[in-house]
Amino acid sequence: MESSSPQRAKKLLSALPYEEERIPSWALSQVQAVRQRVAGNVSPYTDVYGRAGQVLILEQPTVQTVRPLYEDLPPPSRHFFLLQIADPETLPPAAQVLLRSVVGDDADPQRFLAAALLYLKGDPSGEPLLQKALNEDFASLHGIDDHLVLLQLAEAFPNSRFTQACREYARIRGGSYFGHSLYNPETGEPIPRPFPPAEEETLWRTWLTVYPNHPGADDALFWLTRTLEWQGKREEALVLLANWLADPFGDGDMRYVLRRRLLLLLDSGATPSELQAFLDRHGEHPLAAAVRYALAVRFAREHRYDLALQLTENLALDAVLDRYPLLDGGYWLDDWDPVPASRTPLQPKIQAQRERWRQLSRWQAQSTPQQRYQLAAHWAAADGWRNGYLWLFNQTRAGGLSGDADGSAPPQPASSSSLSDYQRANHHAVAAELLGSVLADPTAPAHLQEESLYRQVLILYRQYTTYPPEETAAIYPLPGFPPGVTEDTSLFDTSLPDYVDPGSLSYSYFLEAKALQDGYARQAIYAGNELLNRFPQSRHAGDVLMALYGLTGDVAFLGRLLTQFPDSERALEAALELGPVSH
């Protein structure tokens, strides 16, 4: 930290405890020095508790004595500071003095929160300000970043326009504006939405027209785009999401979810033709470069590398991210205190990706079994994900390939192309399809057949054991295998644990997990059997049998390795895994 730049030092300091008594004594002086060096602006809660305590113990508070304790805090900390001093059941005198001072400061963005805290503690001095915010100027409420305070205001002013909008919102979505469970706690089943998607779309559009500046306007936009997706109107959903990221409204608490929803559509949720339609109709959109890049990545996944290279020529995506930081993935790493100048440029990563596409294009152009295998091996490699990765995710896509960032399950079935789009977004699935084409080619030399079978086992093992389960489930079954393999119980059929109760709410999840493990294991065992039957002296035998053991937990694979391949480099590992043999 001592040798870091101020920006990097702030990030490192944010990982330390806020309270100094929790920092080891031997490091405290250095930490204090670094905090002073970066002007104390370390995190939104820097010294908040200590300063709140100083306010609360003042016996004869005045504006002159309490105001500096508030103004010396960095702006992102002041909201939390006011909540802290207003936390006692009875408002302390010093807190009342400071809150009234903030209410009277027309330039302070926290004046509406201060008015709310005063009113909720029985001090009506800020009521005129609140009445205006709750009935006319909804944008003033955006600075109240505490749903409990908003809920209390809705209860205190039941006839306000703000509260009426909350009730209408809850009627459309179901549940409450301030809280809603997506699943029935007794059955575990999704709670049905009150309206069909088409009707819900109309209701959200009307709500947004009537209450465009409500704090929940960004939440309503999210649900509007979901209803569009459920109806197959993904291009329209893309437009609305891109519009919001370029020109946001509402209180902004949905910014992460809206951004992620856009990226998931760009990555796999929308079809390439829908992305192309967006560009055809909205080519001048501020975020068009992001859509163009996403379409290029989608073309690369389909091995249309020349088109991908054309679309990313002179892309200038970094300029778009600098101008519209809500689209930038790096923004969330330092959300409380963004430093745009510290953003890591994407262009070097995209340029490296373009170099990969050039090499893949050269292999594809020759269209021989050897070159198809080279393509497959490149995609199957540990870094093969770089070939088709949407760098806008900034390495944060894990677990979200087919998942809903909000946890909501669409009431309509996914499009017929979903599986293939999800598979193309995963480098193992792309490789599996290419390997299958090599194995199906009667002109492919024997050594390529052997290597292809080995890689099939390897990518199945690596996908199931090390990649996010949501993504592993989304791309199942992997392509490139004969039909019926995943249903062949003679290959593998695991049992459910004894403790699983068929009558429990979790029973269906155990069944899904079993089906997924069985399916991956069966495909891998099929490929492994083919390899060992056709190439009984394969140098990959040890690796294959250890991978099958890792997938299934079946020690028979270890025994087979030790019996048939005692000289394998993996034999000692298998013996140690198997443990001592009892006589």
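Note that the structure is a prediction, hence the values are computed from the model and not measured. (Residues numbered from 1 in each chain as written. Predicted model: local features only at pLDDT ≥ 70, side-chain atom pairs only at ≥ 80, totals over all residues. Heavy atoms only, no water.)

## Describing the overall build of the chain
Link 1 in the chain: Each helix and strand counted, the chain has 28 helices and zero strands in total.
Link 2 in the chain: Pairs at least 24 apart in sequence give 68% of the contacts found in the chain among residues at least 6 apart.
Link 3 in the chain: For the chain, the accessible area works out to roughly 27,300 Å², and carbon and sulfur atoms hold 52% of it. (Helix = DSSP H or I, 4+ residues; strand = E, 2+ residues; numbered from the N terminus. Contact = heavy atoms within 4.5 Å. Areas by Shrake-Rupley, 256 points an atom, 1.4 Å probe, with all protein chains shown as cover.)

## Quick look at the pattern of salt bridges
Opposite charge on two side chains makes pairing possible when the charged atoms of those side chains draw close.
Link 1 in the chain: Across all of its chains, the model carries 29 salt bridges by this definition.
Link 2 in the chain: Glutamate 229 is the partner of arginine 261 in a salt bridge, and the nearest nitrogen-oxygen pair spans 3.0 Å. Taken together, the residues arginine 261 in helix α14 (residues 255–269) and glutamate 229 in helix α12 (residues 217–230) connect sequence positions 32 residues apart. For the residue pair arginine 261 and glutamate 229, the accessibility class agrees, reading buried in each case.
Link 3 in the chain: Across the pair arginine 281 and glutamate 235 runs a salt bridge whose closest N-O atoms are separated by 2.7 Å. Of this pair, arginine 281 sits in helix α15 (residues 272–281) while glutamate 235 is found in helix α13 (residues 234–246), placing the two residues 46 residues apart along the sequence. (Salt bridge = Lys/Arg side-chain N within 4 Å of Asp/Glu carboxyl O. Buried < 20%, exposed > 50% of the residue type's maximum accessible area, 1.4 Å probe, protein only.)

## Structural notes on the nonpolar core
Link 1 in the chain: Counting 163 residues, the largest nonpolar core has Phe81, Trp207, Leu266, Leu317 and Leu392 as the members making the most contacts within it.
Link 2 in the chain: The biggest single contributor to this core is helix α16 (residues 288–301), with 11 residues.
Link 3 in the chain: Filtering out sequence-adjacent residues up to four positions away, leucine 266 remains in contact with Leu238, Leu275, Ala290, Val291, Ala294, Arg298, Leu390 and Leu392. (Core = buried A, V, L, I, M, F, W, Y, C linked by side-chain atoms within 4.5 Å.)

## A short note on the packing of aromatic side chains
Link 1 in the chain: Inspection of the entire model under this criterion finds 19 aromatic pairs.
Link 2 in the chain: Judged by centre distance (5.7 Å) and plane angle (80 degrees), the ring pair of tyrosine 49 and phenylalanine 80 falls under edge-to-face. Linking tyrosine 49 in helix α3 (residues 48–56) with phenylalanine 80 in helix α5 (residues 75–85), this pair joins segments that are 31 residues apart in sequence.
Link 3 in the chain: Accessibility expressed as a relative area gives 44% for tyrosine 49, which makes it partly exposed.
Link 4 in the chain: According to the relative accessible area criterion, phenylalanine 80 is buried, its value standing at 17%. (Phe/Tyr/Trp six-rings, centres within 6.5 Å; stacked < 30°, edge-to-face > 60°.)

## Some details on the packing of helix α20 (residues 369–380) against helix α22 (residues 427–439)
Axes are the key here: two packed helices are described by the angle between their axes and the distance separating the axes.
Link 1 in the chain: Interaxial distance between α20 and α22 falls to 8 Å at its minimum, and their mutual angle equals 160 degrees. With respect to α22, the axis of α20 lies roughly antiparallel. Where α20 crosses over α22, the handedness of that crossing is left-handed. Mapping the contact onto sequence places Pro369, Arg372, Tyr373, Leu375, Ala376, Trp379 and Ala380 in α20 and His427, His428, Val430, Ala431, Leu434, Leu435, Ser437 and Val438 in α22.
Link 2 in the chain: Across the contact of α20 with α22, the residue classes tally to 11 nonpolar, three polar and one charged. (Axes fitted to C-alpha atoms, helices over the stretch in contact; angles between N-to-C directions. Parallel < 35°, antiparallel > 145°, perpendicular 65-115°, else oblique. Left-handed = near helix turned anticlockwise from the far one by under 90°. Nonpolar A, V, L, I, M, F, W, Y, C, P; charged D, E, K, R; others polar.)

## A word on the confidence of the model for the chain
Link 1 in the chain: For the chain, per-residue confidence averages 88 on the pLDDT scale, and residues scoring 70 or more make up 85% of the total.
Link 2 in the chain: Contacts of residues 40–46 to residues separated by more than four positions or lying in other chains number 23 contacts, the stretch itself having pLDDT below 50.
Link 3 in the chain: The model gives residues 331–340 a pLDDT under 50, and that stretch makes 20 contacts with residues more than four places away or in other chains. (pLDDT = per-residue confidence, 0-100.)

## A closer look at the side chain of serine 538
Link 1 in the chain: Structurally, serine 538 is set in the loop between α25 (507–534) and α26 (541–552).
Link 2 in the chain: Excluding residues that lie within four positions of it along the chain, serine 538 makes contacts with Glu450 and Leu531.

## Re the side chain of glutamine 449
Link 1 in the chain: Relative to the assigned elements, glutamine 449 resides in helix α23 (residues 446–466).
Link 2 in the chain: Side-chain polar atoms of glutamine 449 contact the side chain of arginine 534, separated by 3.0 Å.
Link 3 in the chain: Setting aside its immediate chain neighbours within four residues, glutamine 449 contacts Val438, Leu439, Asp441, Ala444, Arg534 and Phe535. (Polar contact = N/O pair within 3.5 Å; in protein donor to acceptor, adjacent residues only side chain to side chain.)

## So, α26
Link 1 in the chain: End to end, α26 covers 17 Å across 12 residues, agreeing with the expected 16 Å (1.5 Å per residue, within 8%).
Link 2 in the chain: Three or more residues of α26 are buried, namely Ala541, Gly542, Val544, Leu545, Met546, Ala547, Leu548, Tyr549, Leu551 and Thr552.
Link 3 in the chain: Those residues of α26 that are buried lie in contact with α23, α25, α27 (556–564) and α28 (571–578).
Link 4 in the chain: Two residues or fewer past α26, glycine 553 is found with a positive phi of approximately 75 degrees. (Expected span 1.5 Å × (residues − 1).)

## Observations concerning helix α7 (residues 111–120)
Link 1 in the chain: Burial analysis of α7 places eight of its 10 residues in the buried class, the great majority of the element.
Link 2 in the chain: Burial in α7 covers these residues: Arg111, Phe112, Leu113, Ala114, Ala115, Ala116, Leu117 and Leu118.
Link 3 in the chain: Residues of α7 that are buried make contact with α5, α6 (93–103), α8 (127–135) and α9 (147–156).

## As for the packing of α13 against α14
Link 1 in the chain: Taken N-terminus to C-terminus, the directions of α13 and α14 make an angle of 140 degrees; their axes are 10 Å apart at the nearest point. Classified by the angle their axes make, α13 and α14 are oblique. In this structure, α13 crosses over α14, and the sense of that crossing is left-handed. Mapping the contact onto sequence places Arg234, Ala237, Leu238, Leu241, Ala242, Trp244 and Leu245 in α13 and Arg255, Leu258, Arg259, Arg261, Leu262, Leu265, Leu266 and Gly269 in α14.

## Brief notes about the environment of proline 248
Link 1 in the chain: Position of proline 248 among the secondary structure elements: in the loop between α13 and α14.
Link 2 in the chain: Residues proline 248 and aspartate 218, spaced 30 residues apart in sequence, show a C-alpha to C-alpha distance of 7.8 Å.

## Remarks on unusual backbone geometry
Link 1 in the chain: Look at the link from tyrosine 476 to proline 477: it is a cis peptide, with omega at -5 degrees.
Link 2 in the chain: Here proline 477 shows up in the loop between α24 (469–474) and α25.
Link 3 in the chain: Residues other than glycine seldom take positive phi values, yet histidine 303 does so here, at roughly 65 degrees.
Link 4 in the chain: Secondary-structure assignment places histidine 303 in the loop between α16 and α17 (305–311).
Link 5 in the chain: Positive phi values are uncommon outside glycine, yet asparagine 314 reaches one of about 55 degrees.
Link 6 in the chain: On the secondary structure map, asparagine 314 appears in the loop between α17 and α18 (317–323).
Link 7 in the chain: Here asparagine 314 falls in the exposed class, since its relative accessible area comes to 68%.

## With respect to the environment of phenylalanine 249
Link 1 in the chain: With respect to the secondary-structure elements, phenylalanine 249 resides in the loop between α13 and α14.
Link 2 in the chain: In this structure, the C-alpha to C-alpha distance between phenylalanine 249 and leucine 221, residues 28 residues apart in sequence, is 9.4 Å.
Link 3 in the chain: Not counting residues up to four positions away in its chain, the partners in contact with phenylalanine 249 are Leu208, Pro212, Ala217, Asp218, Leu221 and Trp244.

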